[in-house]
Amino acid sequence: MTPLARLLALPIRAYRLILSPWVGFNCRYQPTCSAYALEALEKHGAIKGGAMAAWRILRCNPWGGCGYDPVPEPKNKAQDG
């Protein structure tokens, strides 16, 4: 994870540690939005991963979707075989 991605992950980790137990575990998506954000930052870096996390949070509303929504693999990842 890049240093900027680590910096962006700090408030997410703080939310998961401090606020999430008080707010409750009732996310519309699986994995949760905070888990999705951390995974997106790890796989895609600060810019693209941050944008993906922000888009996911914007979609997490009563009129948005729900269900299983994993972080996509990076397109430039070397494929086996």
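Structure: see above.
Residues numbered from 1 in each chain as written. Predicted model: local features only at pLDDT ≥ 70, side-chain atom pairs only at ≥ 80, totals over all residues. Heavy atoms only, no water.

A. Looking closely at the overall build of the protein. For the protein, the helix and strand inventory stands at two helices and two strands. Ordering the α and β elements of the protein from the N terminus gives α-β-α-β. With respect to the principal axes defined by its C-alpha atoms, the protein has extents near 45 × 30 × 20 Å. Of all 81 residues assigned to the protein, the portion counted as buried reaches 28%. Looking at the protein alone, contacts between residues at least 24 apart form 70% of all its contacts between residues at least 6 apart. Element-wise, carbon and sulfur atoms account for 64% of the exposed surface of the protein, whose accessible area totals about 6,000 Å². Averaged over its 10 positive side-chain charges, the protein has a centre that lies 7 Å from the centre of its 5 negative ones. (Helix = DSSP H or I, 4+ residues; strand = E, 2+ residues; numbered from the N terminus. Buried < 20%, exposed > 50% of the residue type's maximum accessible area, 1.4 Å probe, protein only. Contact = heavy atoms within 4.5 Å. Areas by Shrake-Rupley, 256 points an atom, 1.4 Å probe, with all protein chains shown as cover. Lys, Arg positive; Asp, Glu negative; His and termini not counted. Charge placed at Lys NZ, Arg CZ, Asp CG, Glu CD.)

B. Broad picture of the nonpolar core. The biggest cluster of nonpolar side chains holds eight residues, and these are Ala5, Ala9, Ile12, Ala37, Leu38, Leu41, Ala46 and Ala53. Of all the elements in the fold, those that place two or more residues in this core are α1 (3-23) and α2 (33-59). Of the residues forming this core, the biggest block, five residues, is contributed by α2. (Core = buried A, V, L, I, M, F, W, Y, C linked by side-chain atoms within 4.5 Å.)

C. Quick peek at α1. An ideal rise of 1.5 Å per residue puts 30 Å on 21 residues; α1 measures up with 29 Å between its terminal C-alpha atoms. Maximal helix bending in α1 amounts to about 40 degrees, located at Arg16. Within α1, the full set of buried residues consists of Ala5, Ala9, Ile12 and Ser20. As for α1, its buried residues are in contact with α2. Remark: Gly24 follows α1 within two positions and exhibits a positive phi of approximately 110 degrees. (Expected span 1.5 Å × (residues − 1). Bend = angle between axes of the 7 residues up to and from the residue.)

D. How the structure looks around the environment of Ala54. The residue Ala54 is located in helix α2 in this model. Placed 17 residues apart in sequence, Ala54 and Ala37 show a C-alpha to C-alpha distance of 8.0 Å.

E. View of the side chain of Arg56. Among the structural elements, Arg56 can be located in helix α2. Among the polar contacts listed, one links the side chain of Arg56 to the backbone oxygen of Pro31, at a separation of 2.4 Å. Ignoring sequence-local partners within four residues, the contact set of Arg56 consists of Tyr29, Gln30, Pro31, Thr32, Cys33, Tyr36 and Asp69. (Polar contact = N/O pair within 3.5 Å; in protein donor to acceptor, adjacent residues only side chain to side chain.)

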